[in-house]
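So you can see what is in the structure, the chains are spelled out below.
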Amino acid sequence: MDEPLIERMRAYGETVFAEMTRLATETGAVNLGQGFPDTDGPASLLEAAARHIREGVNQYPPGPGHPELRRAVSRYRARHYGTEYDPDTEVHATVGATAGIAAALLALVDRGDEVVVFEPMYDSYAAMITLAGGVRRPVMLRPDPATGRFTFDPAELRAAVGPRTRMVLVNTPHNPTGTVFTAEELEHVAAVCREHDLIAFTDEVYEFLAFDGRPHVPLASLPGMRERTLTASSAGKMFAVTGWKTGWVTGPEPLVGAVRRVNQFLTFSANGALQLAVAEALDTQGEWVAAQRDTLRGKRDRLAAGLADAGFDVGVCEGTYFVMADIRPLGRTDGVELARALPREAGVAAIPAQVFYDRQEEGAHLLRFAFCKEDAVLDEAVARLSAWHGKT
């Protein structure tokens, strides 16, 4: 039989995350590739989930999500950002933020529509835009020579918008660069959306992992943006339970309603007991979330210093789970080649950043390392990289 996969998806094979995790397992390498923590979330959250399961919350929850979760999401968005959402019509539960992203792009992007997206980009964006029949219009994030943080040229953003542009997709705090978009940067995005009557989609899964006192500014909170912005977030990064796949989208009823129509035929609903546990945690675990942020900031510093000692040029990380490291000081230029070699040569797995780019040459010299690990794991990885560097 000929290749049965539809033509537009043939470019998408096994994800690099699966490949690097497999290599780490085969070689016994320390896995700093895939971004999941190796510690659990708050004990009360885990206990609440177990309690709800024992109490019989084991069947389908309502398609839009348990009302308790939708109300809790509405409360925390209002409490933290001053944006009000009707829990009945403007909040919808999804199977993690990834399902919310998929449903939104399938619902709102038609064949030939263009989506402006910042690159490097989380890999599901490219795949889902393609699956929807859309066309990506990437805007490059590059290190600022003065500060080292990744940012964009507003002129490039404006140049990316054309007659077929339907949506601008923003991820902040940004994976993989670690940039937390400033209010000024977001205002450039907002101005383009307002002027061209565009939908904005924001992926804010790392919203509570902005470090060093930097505020997370939701695009929807800017003037004229609430009525055109759809936002995805989840419990996974907020409470360090990435395997729970419990997320939500918020926005005006027309946009959320479009997501609802599509999502009912994708996943319909899931994780009823977990939804109820997350609803409770959203109201009660603010101190735990803040403590997690502070702990991860320390881990960022720990890994960044270790990578620098091992010969990498480490980028500025303002948030998320990740640091970007330039391999050129090591005399290397091909990140994919090095990422495939490191598990065997050094006993450490990382992600080659060029897989997050359409223009892959822009990221060929970068690796992404995850620091959401136990200190002993980070120290072991650094020791292995330092020993490897000493031999090369």
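Because the structure is a prediction, the values reported are computed rather than measured.

Asker: Explain unusual backbone geometry residue by residue, including any values.
Answerer: What you tend to see is this: most non-glycine residues have negative phi, and most peptide bonds are trans. For the bond running from T172 to P173, omega is -15°, close enough to zero to count as cis. Of note, P173 is situated in the loop between β7 (165–171) and α7 (183–196). A cis amide bond, omega 20°, links N175 with the succeeding residue P176. Looking at the element boundaries, P176 is found in the loop between β7 and α7.

Asker: I'd like to hear about empty space enclosed by the protein, residue by residue, with values.
Answerer: Tallied over the entire structure, the rule returns one cavity of 30 Å³ or more. By volume, the largest cavity is sized at about 70 Å³. A93, T94, V95, A270 and Q275 are, among the 18 residues lining the largest cavity, the residues nearest its centre. The class makeup of the residues in the lining of the largest cavity is seven nonpolar, ten polar and one charged.

Asker: Tell me what's going on with the domain arrangement of the chain, and back it up with residues and numbers.
Answerer: For the chain, the assigned domains read domain 1 (7–40 + 288–387) and domain 2 (43–284). Centre-to-centre separation of domain 1 and domain 2, based on C-alpha positions: 24 Å. Facing the 33 residues of domain 1 at the interface are 42 residues of domain 2. For the pair domain 1 and domain 2, the summed buried surface comes to about 3400 Å²; carbon and sulfur atoms form 57% of the total. Counting the contacts that link domain 1 with domain 2 gives six salt bridges. We note a salt bridge from E119 to R359, for which the minimum N-O separation is 2.7 Å. Those elements that provide at least two residues to the side of domain 1 that touches domain 2 are α11 (286–309), β12 (322–326) and β15 (366–370).

Thresholds applied
- Residues numbered from 1 in each chain as written.
- Predicted model: local features only at pLDDT ≥ 70, side-chain atom pairs only at ≥ 80, totals over all residues.
- Heavy atoms only, no water.
- Helix = DSSP H or I, 4+ residues; strand = E, 2+ residues; numbered from the N terminus.
- 1 Å grid on protein atoms, 1.4 Å probe; cavity = no way out; pocket = protein on both sides within 12 Å on 5 of 7 lines; lining within 4 Å.
- Points joined across faces, edges and corners; volume = space filled by probe spheres on them.
- Nonpolar A, V, L, I, M, F, W, Y, C, P; charged D, E, K, R; others polar.
- Domains from an automatic or database assignment.
- Contact = heavy atoms within 4.5 Å.
- Buried area = accessible area lost by both parts, 1.4 Å probe.
- Salt bridge = Lys/Arg side-chain N within 4 Å of Asp/Glu carboxyl O.

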